[in-house]
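Report on the structure
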Amino acid sequence: MRMCDLILKKKRGEELATDEIKFMISGYTDGSIPDYQMSAMTMAICFQGMSRRETADLTLAMRDSGDVIDLSAIRGIKVDKHSTGGVGDKTTLVLAPLVAALGVPVAKMSGRGLGHTGGTIDKLACFPGFSTALSAETFVHNVNTVGIAIAGQTASLAPADKKLYALRDVTGTVDQMSLIAGSIMSKKLASGSDAIVLDVKTGNGAFMKRYEDAVALAEEMVSIGTLAGKKTAAVITGMDQPLGCAVGNSLEVIEAIDTLCGRGPEDLKQVVFALGARMLMFAERAADEAAAVRMMEGAIADKSALQKLAEFVEAQGGDSAPVYDTSLFPTVKQTLVVNARSDGFVNRILAEEIGTACMQLGGGRENKDSEIDLSVGIILKKKNGDAVSAGEPLAVLCGNDEKKLHAAANRAAAAFEIGKERKEPDPVIYRRIDA
Ligand code: URA
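This write-up is about the structure you can find in this document. (Residues numbered from 1 in each chain as written. Predicted model: local features only at pLDDT ≥ 70, side-chain atom pairs only at ≥ 80, totals over all residues. Heavy atoms only, no water.)

**A short note on helix H7 (residues 136–145)**
Listed as buried for H7 are Phe139, Val140, Asn142 and Val143. Around the axis of H7, the buried residues are gathered within 165° of arc, so they sit on the same side. The inward-facing, buried residues of H7 abut strand E2 (106–110), strand E3 (148–152) and helix H14 (304–315). One or two residues past the end of H7 sits glycine 147, with phi positive at roughly 100°. (Buried < 20%, exposed > 50% of the residue type's maximum accessible area, 1.4 Å probe, protein only. Helix = DSSP H or I, 4+ residues; strand = E, 2+ residues; numbered from the N terminus. Arc of directions from axis to C-beta. Contact = heavy atoms within 4.5 Å.)

Have a look at this one:
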């Protein structure tokens, strides 16, 4: 079999057979298929798509490219959560300690930033000393003792996805449904949880911009998870503006901590509660969504979720002092305020543009090996539906480089659509999809 023939086949829009997909994934994993052929293939997939059967084959081939973890040594029903990626999406940092404080064992594998979206692994790096490179023993031990462990993708877990994820990030091939479904579900199936809750984002800042595409992606992933014997559910959530008000690694960690202290933005709380309810129900801790929400409100009010975050940070080698004093996080040298040019109402904040502006400040990667600046980011002062007067701040940009700040400020200013009439903001929670 030759990779070049498979690229030509996909370029013509033909279906790849199961053994061809296995050949492609194992060759890419062992290095016999180079990056340049794989990037031609992913681009052909972006244009021609994959059938449901091809997507399921791709997912299973990627899962089987490395170890499939056995978490049976962890007591209880282990629940994992994954987001398809958004701007300002710090949900895991709130959700994981929240449900862990309520007795749900969280054994989670997270990724770093992808395209214009942020990643949990980069945000956790804001805690000095924090490590996501956990041995299998430490991972199991931490879930059994602390109730939560978050690991980065190890070299042995879905290594095909690890390579492909980094390749797609820098070749403009992220936003394709089958590639996203395969990437997410291969990791989720390899990492051994009993149940999976998926946050599928839709809107301008999401990879799936159209609602129908987000629903199709959610249905595809729920069906793959269910076929593989895992309880799987998805929630479709809005990404027509960034989630919460903070975008950028340390700023988002601070907002997550604020949320665990009961001062979180409303949209973030809604997403956390919708996903957390599914996790609590899968773990048989809550009978229904209303009961689950009451439990989560209680764990925020009594600070047990905040304490759980600190315990988790310590257990993974991090300094938990910033959990109780957020001024200890890295800060920037300069800020620049973007003001409104006219009176009116904020009708849309192009989340993708805000995510890209944050990358321009140094908060994301330009190539596979770029270092990111954890301190930079953007604080939104207005959200969709808010009234605004000319001269009022729309956003504050935090950076360490004057030139980058000005370039990012122009982009952030253009991201705000201000109208004379107020447009009702799109919903935060669109729909829940169960098996
Ligand atoms: N998250 C992933 O893990 N993979 C994708 O392709 C997109 C979001």
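**With respect to the sheet that holds strand E9 (residues 377–380)**
Reading across the sheet, the four strands line up as E6-E9-E11-E7 and stay open at both edges, with antiparallel pairing between neighbours. On the outer flanks of this sheet lie strand E6 (246–247) and strand E7 (334–339), each paired with one strand and no other. Bridge analysis of E6 against E9 gives two bridges, and the strand direction is antiparallel. If you follow alanine 246 over to E9, its bridge partner there is isoleucine 379. Across the face of the sheet, helix H17 (residues 402–415) comes into contact with E7 and strand E11 (393–399) while running at roughly 25° to E7. (Pairing = 2+ DSSP bridges. Axes fitted to C-alpha atoms, helices over the stretch in contact; angles between N-to-C directions.)

**Quick notes on the packing of aromatic side chains**
Counting across every chain of the model gives three aromatic pairs. A centroid spacing of 5.3 Å and a plane angle of 70° characterise the contact between phenylalanine 127 and phenylalanine 329, whose relative ring orientation is edge-to-face. Taken together, the positions of phenylalanine 127 in the loop between helix H6 (120–124) and H7 and phenylalanine 329 in the loop between helix H15 (321–324) and E7 put the pair 202 residues apart, joining distant regions of the chain. Taken as a pair, phenylalanine 127 and phenylalanine 329 share a single burial class, namely buried. Residues phenylalanine 130 and phenylalanine 312 carry aromatic rings whose centres are separated by 5.4 Å and whose planes lie at 70° to one another, so their mutual orientation is edge-to-face. Note that phenylalanine 130 is positioned in the loop between H6 and H7 and phenylalanine 312 in helix H14, a separation of 182 residues in sequence. Phenylalanine 312 gets classed as buried once you look at its relative accessible area, which sits at 1%. The positively charged end of lysine 163 is found above the aromatic ring belonging to tyrosine 28, 4.4 Å away from the centroid. (Phe/Tyr/Trp six-rings, centres within 6.5 Å; stacked < 30°, edge-to-face > 60°. Lys NZ or Arg CZ within 6 Å of the ring centre and 35° of its normal.)

**A look at the site of the ligand**
Among the ten residues in the neighbourhood of the ligand, the closest are listed as His82, Thr84, Arg168, Ser183 and Lys187. Arginine 168 is positioned with one of its side-chain polar atoms (N or O) 2.8 Å from an oxygen atom of the ligand. Protein contact buries 96% of the 240 Å² of open area that the ligand shows by itself. For the shell around the ligand, the element with the highest residue contribution is helix H9 (residues 177–190), accounting for four residues. When its residues are assigned to classes, the shell around the ligand shows four nonpolar, four polar and two charged. (Near = heavy atom within 4 Å. Polar contact = N/O pair within 3.5 Å; in protein donor to acceptor, adjacent residues only side chain to side chain. Areas by Shrake-Rupley, 256 points an atom, 1.4 Å probe, with all protein chains shown as cover. Nonpolar A, V, L, I, M, F, W, Y, C, P; charged D, E, K, R; others polar.)

**Details of the sheet that holds strand E10 (residues 387–388)**
Strand order across the open sheet formed by three strands is E10-E8-E12, with antiparallel pairing between neighbours. Because the sheet does not close on itself, it has two edges, and the strands there are E10 and strand E12 (416–419). Relative to E12, strand E8 (residues 344–349) runs antiparallel, the two sharing four bridges. Note on E12: the bridge partner recorded for valine 346 is isoleucine 418.

**Structural notes on the environment of valine 215**
Note that valine 215 resides in helix H10 (residues 211–227). Placed 88 residues apart in sequence, valine 215 and phenylalanine 127 show a C-alpha to C-alpha distance of 35 Å. Non-local contacts of valine 215, meaning those with residues more than four positions away in its chain, are made with Ile236, Arg431 and Ile433.

**Re the environment of phenylalanine 416**
You can see phenylalanine 416 is positioned in strand E12. Judged by relative accessible area, phenylalanine 416 falls into the buried class, the value being 7%. Placed 33 residues apart in sequence, phenylalanine 416 and lysine 383 show a C-alpha to C-alpha distance of 9.2 Å. Beyond its immediate chain neighbours, meaning those up to four positions away, phenylalanine 416 contacts Val346, Arg348, Ile349, Ile354, Leu380, Lys382, Leu394 and Ala395.

**Things to note about the packing of helix H12 (residues 266–282) against helix H13 (residues 289–301)**
A pair of packed helices is characterised by two quantities: the angle between their axes and the separation of those axes. Close contact between H12 and H13 brings their axes to 9 Å; oriented N to C, the two are set at 110°. With respect to H13, the axis of H12 lies roughly perpendicular. The hand of the H12/H13 crossing is right-handed. Taken together, the residues of H13 that come into contact with H12 (itself represented by Val272, Phe273, Ala274, Gly276, Ala277, Arg278, Leu280 and Met281) are Glu289, Ala292, Val293, Met295, Met296, Glu297 and Ile300. Along the lines of polarity and charge, the residues of the contact of H12 with H13 split into eleven nonpolar, one polar and three charged. (Parallel < 35°, antiparallel > 145°, perpendicular 65-115°, else oblique. Left-handed = near helix turned anticlockwise from the far one by under 90°.)

**Digging into the pairing of E3**
Summarising burial for E3: five of the five residues are buried, a large majority. Going residue by residue along E3, you find Ile148, Ile150 and Gly152 tucked away on one face and Ala149 and Ala151 tucked away on the opposite face as well. Where E2 meets E3, five bridges bridge the pair, whose relative direction is parallel. From the neighbouring strand, valine 106 faces E3, where its bridge partner is isoleucine 148.

**Points about the pattern of salt bridges**
Evaluation of the coordinates by the stated rule reveals 33 salt bridges. Residues arginine 53 and glutamate 15 are paired through a salt bridge, measuring 2.7 Å at the closest nitrogen-oxygen approach. Linking arginine 53 in helix H4 (residues 52–63) with glutamate 15 in the loop between helix H1 (3–11) and helix H2 (18–30), this pair joins segments that are 38 residues apart in sequence. A salt bridge links lysine 201 to aspartate 199; the shortest N-O distance between them is 2.8 Å. When its relative accessible area of 1% is taken as the criterion, lysine 201 is described as buried. The exposure class assigned to aspartate 199 is buried, which follows from its relative accessible area of 0%. Counted as one network, the salt bridges with shared partners bring together Arg278, Glu289, Arg432 and Asp434. (Salt bridge = Lys/Arg side-chain N within 4 Å of Asp/Glu carboxyl O.)

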